[in-house]
Amino acid sequence: SRLLHQLLRPVLLAGVLLLGIPSHGAAAEEITAAELVAGALDLMRGDQSSYTEMRMLVHRPDWERTSVLLVWTRGREDALMRFTAPAKDAGNATLKRGDKMWTFTPKLNRVIRLPYSLMSQSWAGSDFSYNDLARADDMLRHYSLRISNVTESDGHKIYTIEAIPHDDAPVVWGKEEMVLRDDYVLISETFYDQAMVPLKRMETLEIGELGGRTMAIRMRMSNLEEPEKYTEMFYDSADFDV
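Residues numbered from 1 in each chain as written. Predicted model: local features only at pLDDT ≥ 70, side-chain atom pairs only at ≥ 80, totals over all residues. Heavy atoms only, no water.

A. How the structure looks around the confidence of the model for the chain. Looking at the chain as a whole, its pLDDT mean stands at 87, while 87% of the residues score no less than 70. Of the regions scoring below 50 in pLDDT, residues 2-28 engages in two contacts with residues more than four places distant in sequence or in other chains. (pLDDT = per-residue confidence, 0-100. Contact = heavy atoms within 4.5 Å.)

B. Focus on the packing of aromatic side chains. With the rule as written, the count across this model stands at three aromatic pairs. On the basis of an interplanar angle of 50° and a centroid distance of 5.5 Å, the ring pair of Tyr-51 and Trp-72 is categorised as tilted. Separated by 21 residues along the polypeptide, Tyr-51 in strand E1 (residues 49-60) and Trp-72 in strand E2 (residues 63-74) bring together distant segments of the chain. By relative accessible area, Tyr-51 is classed as partly exposed at 22%. (Phe/Tyr/Trp six-rings, centres within 6.5 Å; stacked < 30°, edge-to-face > 60°. Helix = DSSP H or I, 4+ residues; strand = E, 2+ residues; numbered from the N terminus. Buried < 20%, exposed > 50% of the residue type's maximum accessible area, 1.4 Å probe, protein only.)

C. Spatial organisation of a nonpolar patch on the surface. Among the surface-exposed residues, Trp-72, Leu-80 and Leu-95 lie close enough to one another that they form a single nonpolar patch of about 210 Å² accessible area. Within the secondary structure, Leu-95 is located in strand E4 (residues 93-97). (Patch = residues over 30% accessible without salt bridge, like charges linked within 9 Å, V, L, I, M, F, W, Y side chains within 5 Å. Areas by Shrake-Rupley, 256 points an atom, 1.4 Å probe, with all protein chains shown as cover. Salt bridge = Lys/Arg side-chain N within 4 Å of Asp/Glu carboxyl O.)

D. Here's a closer look at unusual backbone geometry. A cis geometry characterises the amide bond from Ala-85 onward to Pro-86, with omega recorded as 0°. Counting through the fold element by element, Pro-86 comes out in the loop between strand E3 (78-85) and E4. In this structure, Asp-154 is a non-glycine residue whose phi angle is positive, near 50°. For Asp-154, the position within the fold is in the loop between strand E7 (143-153) and strand E8 (156-165). For Asp-154, a relative accessible area of 74% puts it in the exposed group. Unusually for a residue other than glycine, Asp-241 sits at a positive phi of about 55°. Tracing the backbone through its elements, the reader meets Asp-241 in the segment after strand E13 (226-240). On the accessibility criterion, Asp-241 (32% relative accessible area) is partly exposed.

Now the structure itself:
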């Protein structure tokens, strides 16, 4: 009996340790795709609000244009974007509240409510559409999310998330694919049409520190069918939860 107890004691201790300390695999499975996407949204917008100063570069094969804009956000659904340069665009603004969006043009002194039929049009001549600006938490509300792959790079876990829209979702994409780091920094987001052909991609070109956060500070939205056409966003300063 005493000999048996001595033989079993190491096995019992090992069992206690294994039960008390989860493996890396189990820890990795604790986070869900929805939690990763929510974390990525809140990283860029703050838990309550954000104020960002940005530059937007629109690149075409024979010309480039740079604009300066200020962006305010509140929660995951409300945002105001206002251009300050160049002079011909200064004062142009876009407001999003919930699912509704308006534009303001100072030259006409007019506020226009955008109908849904125009949401797929280019915003300010860029490779972003009004839909891209309006999305916010659409991924959480209108898509089924799952983690399709997990890798490691530069000390971070890298998650690939497949997002399939619900049958009644008011979206134009067949699916989206997001690649996120474990600290919620977006690496890329690819948009597929209904035939599952990738049409455009947003990717992070530079990661840095702004407003006390590690985040993407230079991003590019490109047309995969015409890669020489793209739009880059540069985040110059940010303040969160103001």
